Amino acid sequence: MPLVRFGVSIEQELLARFDREVVARGYVNRSEAIRDLIRERLVQEEWRGGEEVVGVITLVYDHHVRGIEARLTEIQHQHHPQVLSTMHVHLDHDNCLEVVAVKGEGERIAELAAKLIGIRGVRHGRLTATTTGRRLK
Ligand code: NI
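### Thoughts on the overall build of the protein
Looking only at helices and strands, the protein features four helices and four strands. Ordered by position in the sequence, the α and β elements of the protein form the string α-α-β-α-β-β-α-β. Taking 2.2 N^0.38 as the reference for a compact globule, 137 residues should give roughly 14 Å; the C-alpha atoms of the protein span a radius of gyration of 19 Å, well beyond that estimate. Taking the principal axes of the C-alpha coordinates as reference, the protein spans close to 60 × 30 × 20 Å. Of the contacts made within the protein by residues no fewer than 6 positions apart, 65% connect residues no fewer than 24 positions apart. Taken as a whole, the protein presents about 9,700 Å² of accessible surface, with 53% of it coming from carbon and sulfur.

Here you go:
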């Protein structure tokens, strides 16, 4: 893909702050940091625009809570077209970590994540929104 150069007018102080951020995050240059910002925005648009997207739902829960594992499994089966794979880690005597890789329409994924995170006994849950990568060439 050919690269294009473009000029941007920006306040000096804003650019200085951005450049400090670029260094702190370990980017090789400002251009790569700007490309990442643009891609991040495009991924957000994919999630809003009904595109097929990819996500990872992480859940930390206490497996002693009555019925929690059956409930987690039931919801994942209800959403089986979206659930790609689930990894389960026994963190300690009480706590489990479940990592659910999902793919589908953004709204459906968000709905699934909300259901799982809302289950009683889930101590922390998060949806990481990412992309199939197909539209970010
Ligand atoms: Ni476990």
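### Regarding the domain arrangement of the protein
Along its sequence, the protein is organised into domain 1 (12–48) and domain 2 (52–131). Centre-to-centre separation of domain 1 and domain 2, based on C-alpha positions: 30 Å.

### Quick look at the coordination of the nickel ion
Within the protein, the nickel ion binds to His 88 (NE2), His 90 (ND1) and Cys 96 (SG); these donor distances fall in the range 2.0 to 2.3 Å. Sequence positions of the donors to the nickel ion reduce to the motif H-x1-H-x5-C. Its relative accessible area of 63% is what places His 90 among the exposed residues. The exposure class assigned to Cys 96 is buried, which follows from its relative accessible area of 2%.

### Quick word on the nonpolar core
Membership of the largest hydrophobic core comes to 21 residues, with the highest contact counts inside it found for Ile 57 and Leu 116. Setting aside its immediate chain neighbours within four residues, Ile 57 contacts Glu 98, Val 99, Val 100, Val 102, Leu 112, Ala 113, Leu 116, Arg 126 and Leu 127.

### Notes on a nonpolar patch on the surface
There is a patch of nonpolar side chains on the surface, built from Phe 6, Val 8, Ile 10, Leu 14, Ile 34, Ile 38 and Leu 42 and spanning about 640 Å² of accessible area. Broken down by element, the nonpolar patch gets its largest block of residues, three residues, from helix H2 (residues 30–48). As for its placement among the helices and strands, Leu 42 is situated in helix H2.

The rules behind these values
Residues numbered from 1 in each chain as written. Predicted model: local features only at pLDDT ≥ 70, side-chain atom pairs only at ≥ 80, totals over all residues. Heavy atoms only, no water. Helix = DSSP H or I, 4+ residues; strand = E, 2+ residues; numbered from the N terminus. Rg over C-alpha atoms; globule rule 2.2 N^0.38 Å. Contact = heavy atoms within 4.5 Å. Areas by Shrake-Rupley, 256 points an atom, 1.4 Å probe, with all protein chains shown as cover. Domains from an automatic or database assignment. Donors = N, O, S within 2.8 Å, 3.2 Å for Na, K, Ca; no water. Buried < 20%, exposed > 50% of the residue type's maximum accessible area, 1.4 Å probe, protein only. Core = buried A, V, L, I, M, F, W, Y, C linked by side-chain atoms within 4.5 Å. Patch = residues over 30% accessible without salt bridge, like charges linked within 9 Å, V, L, I, M, F, W, Y side chains within 5 Å. Salt bridge = Lys/Arg side-chain N within 4 Å of Asp/Glu carboxyl O.

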